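Reading the structure
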Amino acid sequence: MAIDVWIPADTAPEHRAVLPAEAALHDLPMEGPLPDRLGHADLLVADFRWRRAVDAIPHLEGLRAVQTFSAGVDAIQGRIPDGVTLCDAAGVHDIPVAEWVVAAVLAARHRLPEHVLAQAGARWPAPDPGRGGDDLEGATVLVLGYGSIGRAVHARLRPFGCEVIGVARRARPGIATLPDVPALLPRADVVIVLLPLTRETRGLVDAGFLGAMRPGALLVNAARGAIVDTDALLGALRARRVTAALDVTDPEPLPEGHPLWTAPGVLITPHIAGVVPKVPGRVWRLVADQVGRLARGEPLRNVVSDGY
């Protein structure tokens, strides 16, 4: 059974070659106006340029599913018509994001940003036992969002000898839920945010949340910037109540001159946690699997429901 698959016109030959024989490929123009009618589509590949895919949807007939390249779908979810299945790229970004989280935790705990700045200024600080930071043995790490990335973070933190507490939307054996978070925050040395951005999670990390964290604890956000109230975080950083490592911010991109750039105790990277050369190959293998499932009449992977 042929499956009509619309892909970006600039998709590389090696990625086209991954798709199975059942895929009848159609190129979606990525620039210029779209014709009134593009044709029939079973699957639309949105890649990271989701706006073009959204623009194309009204020009396609019989569309059954949209496959994104991102794990978070907050930007596109409300733009998908009823009756069209939205699938995210859960699993594709687990390894790089989990590695970034662990790297950020270790860098912050060992105060590497401070030492990098000292190196840039050719300064060798006077000996001070407190300047070396702290290790993770015996630390308590709270992982908010215990999906595939959260589990990958847990697996990589396990050898460091810390206690990892997972928090998920639905209760599972050994896993806490969001209502448990206020009681857990005072115990945590590190709080890692990996939640999707939904009505429930927008602004979740507010002044009350930050005030309940253990003094000196580290907040790590590798999810979406709007989950954290930026003004509240600035206040907590300036008061030196917490430190932070952020791969995402609100607003994003973070404008030049924004006070978050120069706040004390914060490490910022420009939303690059999942940006590694292996990601395109992984996501196109996911697309290939989805095509096969459509051809065989099997359920699709990573179907999004209420932001998850």
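Residues numbered from 1 in each chain as written. Predicted model: local features only at pLDDT ≥ 70, side-chain atom pairs only at ≥ 80, totals over all residues. Heavy atoms only, no water.

So, the side chain of T177
For the record, the criterion: Numbering of helices and strands runs from the N terminus; a helix is a DSSP stretch of H or I covering at least four residues, while a strand is a stretch of E covering at least two. Only heavy atoms matter for contacts: two residues are in contact if any of them lie within 4.5 Å across the pair.
Structurally, the position occupied by T177 is in strand β10 (residues 176-177). Apart from the residues within four sequence positions on either side, T177 is in contact with V167, A168, R169, R170 and A171.

Side note on the environment of W6
The condition is simple: Using a 1.4 Å probe on the protein chains alone, a residue whose accessible area is under 20% of its type maximum counts as buried, one over 50% counts as exposed, and one in between counts as partly exposed. Whenever a nitrogen or oxygen atom comes within 3.5 Å of another N or O atom, the pair is scored as a polar contact, on the condition that within protein one atom can donate a hydrogen and the other can accept it, and that pairs from neighbouring residues in sequence are kept only if both atoms are in side chains.
You can see W6 is positioned in strand β1 (residues 3-8). Given the relative accessible area of 5%, W6 is considered buried. Considered as a pair, W6 and L44 are 38 residues apart in the sequence and their alpha carbons are 4.9 Å apart. Residue contacts for W6: discarding those within four places in its chain leaves H26, D27, L28, L38, G39, H40, A41, L43, L44, V45 and L60. A polar side-chain atom of W6 sits 2.8 Å from the main-chain carbonyl oxygen of H40.

Considerations on the nonpolar core
This is how it is decided: For our purposes a nonpolar core is just a set of buried Ala, Val, Leu, Ile, Met, Phe, Trp, Tyr and Cys residues, chained together by side-chain atoms within 4.5 Å.
In terms of nonpolar packing, the biggest core is built from 37 residues, with L142, L144, V191, L210, M213, L219 and L233 touching the most fellow members. Per element, the largest residue contribution to this core is 5 residues, and it comes from helix α8 (residues 230-238). The next biggest cluster of nonpolar side chains, apart from the first, holds 28 residues, and it includes Y146, V164, A168 and I175.

Remarks on α8
Looking only at α8, the buried set comprises T230, A232, L233, L234, A236 and L237. With a side-chain oxygen lying 3.1 Å from the backbone nitrogen of D231, the N-terminal cap of α8 falls on D229. Residue R240 follows α8 closely and has a positive phi angle near 60 degrees.

Digging into the pattern of salt bridges
The cut-off we apply is this: Whenever Lys or Arg places a side-chain nitrogen within 4 Å of a carboxyl oxygen from Asp or Glu, that contact is recorded as a salt bridge.
Per the counting criterion, the structure on display carries 13 salt bridges. As a salt-bridge pair, D27 and R16 come within 3.0 Å of each other at their nearest N and O atoms. Of the two residues, D27 is situated in strand β2 (residues 23-28) and R16 in helix α1 (residues 13-16); the sequence distance between them amounts to 11 residues. Residue D27 is classed as partly exposed on the basis of its relative accessible area of 37%. Where R296 meets E298, a salt bridge forms, and the shortest distance between an N and an O atom there is 3.0 Å. Residues participating in the shared-partner salt-bridge network are D10, D47 and R49.

Notes on the sheet that holds strand β7 (residues 85-87)
Put simply, the rule reads: Strands are treated as partners if at least two bridges between them are detected by DSSP. Axis geometry follows a simple rule: fit a line to the C-alpha atoms, using only the stretch in contact for helices, then measure angles between N-to-C directions, giving values from 0 to 180 degrees.
Across the sheet, which stays open at both edges, the 5 strands sit in the order β2-β1-β4-β6-β7 with parallel pairing between neighbours. A strand with exactly one partner marks an edge of an open sheet, and here the two such strands are β2 and β7. Recorded for the sheet is a direction-independent mean angle of 25 degrees between the axes of neighbouring strands.

Examining the environment of M1
Here M1 shows up in the segment before β1. For M1, a relative accessible area of 65% gives the class exposed. Residues M1 and R296 lie 295 residues apart in sequence; the distance between their C-alpha atoms is 8.1 Å. Excluding residues that lie within four positions of it along the chain, M1 makes contacts with E22, R64 and A295.

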